[in-house]
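Descriptive analysis of the structure
Below, each chain spelled out in residue letters.
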Amino acid sequence: SYVGTKYAVACMNGTVGLQISLIVSGIQESDYVLVPNLTFVASLNAIKHTGADPILIDVNQSNWQIDLNVLENFLKTNTTQKFINKTKFCVLNEDGRIIKCVMPVHVLGNMCDMEHLKSIAKNYSLLIIEDSTEALGSFFNQRHAGTFGNLGVFSFNGNKIISTGGGGL
């Protein structure tokens, strides 16, 4: 109720929460996930544990968040939209593999322009899984981190703002 979501699932930690989110979103072996190059290793581990591969996108130096101009330029110049079994996907031109998701990582509670990110994701048929593990209590446009994407994940590890010694949501 604090973050304003209808549903929540408790899990062992934030990393497992990210991995579960990727799996239930249909991310699988040979897919790509776009992720900022300034992150904690857990984001990348969760992606690799599904068999997918990360594509690192540079961050904006003013807020340490995924640089949406760099992201949009990457997608414009390196991808094509293709229908596969009547579903529209974003495909990397270089190797024909599907990019299914973008994972913003709200490092130290900072957030990118989530409305702009949602627009980019919609234009390129991408899911958004928010790594909000460091962002409990962070807001963008009066909306809590972890509530903009298809799924959002929080951590309660010992180094987080609210800790249970471990755990994720």
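First, a word on what this report is: a plain description of the structure on this page. Source: prediction; values computed, not measured. (Residues numbered from 1 in each chain as written. Predicted model: local features only at pLDDT ≥ 70, side-chain atom pairs only at ≥ 80, totals over all residues. Heavy atoms only, no water.)

For the rest of this paragraph, the subject is helix H3 (residues 68-78). Looking only at H3, the buried set comprises Leu68, Leu71, Glu72, Phe74 and Leu75. Mapping the buried residues of H3 onto a view down its axis gives an arc of 160°, with all of them on the same face. Among the exposed residues of H3, those pointing more than 90 degrees away from its buried face are Asn69 and Lys76. The inward-facing, buried residues of H3 contact strand E1 (32-36), strand E2 (53-57), strand E3 (79-84), strand E4 (87-92), strand E5 (98-102) and helix H4 (114-123). For H3, the N-terminal cap is Asp67; the gap from its side-chain oxygen to the backbone nitrogen of Asn69 is 3.0 Å. (Buried < 20%, exposed > 50% of the residue type's maximum accessible area, 1.4 Å probe, protein only. Helix = DSSP H or I, 4+ residues; strand = E, 2+ residues; numbered from the N terminus. Arc of directions from axis to C-beta. Contact = heavy atoms within 4.5 Å. Polar contact = N/O pair within 3.5 Å; in protein donor to acceptor, adjacent residues only side chain to side chain.)

A regular strand places its side chains so that they alternate between the two faces of the sheet. Two elements, E1 and E2, share five bridges in a ladder whose sense is parallel. Opposite Pro36, over in E2, you have Ile57 as the bridge partner. Each parallel crossover has a hand, and for E1 linked through helix H2 (residues 41-49) to E2 it is right-handed. (Pairing = 2+ DSSP bridges. Right-handed = clockwise from strand over helix to strand, strands pointing away.)

What follows is about the side chain of Ser21. Of note, Ser21 is situated in helix H1 (residues 14-24). We classify Ser21 as buried; its relative accessible area is 8%. With near-sequence residues (within four places) excluded, Ser21 lies in contact with Ile129, Leu151 and Val153.

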